[in-house]
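So the chains spell out like this:
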Amino acid sequence: MKSPTTFVLFFFFFFFFFLVSSAYPGMRRQHYPCKNLVFYFHDVIYNGKNAANATAAIVGAPQWGNLTILANQFHFGNIAVFDDPITLDNNFHSTPVGRAQGMYFYDTKNTFTAWLGFSFVLNSAQHKGTINFIGADPIMVKSRDISVVGGTGDFFMHRGIATIMTDSYEGDVYFRLRVNIKFYECW
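These notes cover the structure that comes with them. On a predicted model such as this, the values are computed, not experimentally measured, just so you know.

Notes on the pairing of strand β7 (residues 143-151)
So, step 1. Alignment of strand β6 (residues 128-137) against β7, held across 4 bridges, turns out to be antiparallel. Across the sheet, the residue bridging to Ile134 is Ser147, located in β7.
So, step 2. Connecting β6 to the next strand, β7, in antiparallel fashion are 5 residues.
So, step 3. Inspection of the sheet shows β7 paired to strand β8 (residues 159-170) by 6 bridges, in the antiparallel sense. Across the sheet, Arg144 pairs through a bridge with Ile164, a residue of β8.

Listed below in structure tokens is the structure:
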């Protein structure tokens, strides 16, 4: 007759072997997007002379800055709000399919980087609803990712990654971003 200690040891080793063997993922599961969209948004910062065309304004500045010109030192401390047109191509004068609304602030003193929090408000024949974004934007990096944290309407509870690239810029007054949105959770 086997002792209870032998049975407990056998059970313990069997259980341990099962845990170790099931912890190895083997082949990782590939994640494929359930929806992919590409948009452009155009930001024209108010500079004291372009009120008719401006789509963004500096609402906060460091003590050494002002509200019409971005601060020196990599724009550190500037906070801007925006209501930018969204287009399907990179032409500023194309028919907008929605608006990009939100804010960004420059948060580093030794390089150009910003933190973004904004929504795409879409109201076109193809898409209706909002897509919400949040994340850090290291501007000097060619292609960077920010999180898609939710949405409404056609994008109800969607989540994913938005790869943004600076498509064009003109000094400190205008920039255009190409936004490639990959949803990994679609409802």
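A look at the pairing of β8
So, step 1. The pairing of β8 with strand β9 (residues 174-185) spans 11 bridges and is antiparallel. Residue Thr163 lies in a different strand from β9, and its bridge partner there is Asn180.

Some words on the state of the cysteines
Each disulfide is one covalent bond, formed between the sulfur atoms of two cysteines.
So, step 1. A full pass over the atoms with the stated rule returns 1 disulfide.
So, step 2. Between the sulfur of Cys34 and that of Cys186 lies a disulfide, 1.9 Å long from S to S. Looking down the S-S bond of the Cys34 and Cys186 bridge, the torsion is 85°, so its handedness is right-handed. Placement of the pair is Cys34 in the loop between α1 (4-23) and β1 (35-44) and Cys186 in the segment after β9, with a sequence separation of 152 residues.
So, step 3. Overall, Cys186 belongs to the partly exposed group, its relative accessible area being 31%.

Rules and cut-offs
Residues numbered from 1 in each chain as written. Predicted model: local features only at pLDDT ≥ 70, side-chain atom pairs only at ≥ 80, totals over all residues. Heavy atoms only, no water. Pairing = 2+ DSSP bridges. Helix = DSSP H or I, 4+ residues; strand = E, 2+ residues; numbered from the N terminus. Disulfide = S-S within 2.5 Å. Buried < 20%, exposed > 50% of the residue type's maximum accessible area, 1.4 Å probe, protein only.

So, to be careful, I would describe these as geometric facts and stop short of saying anything about function.
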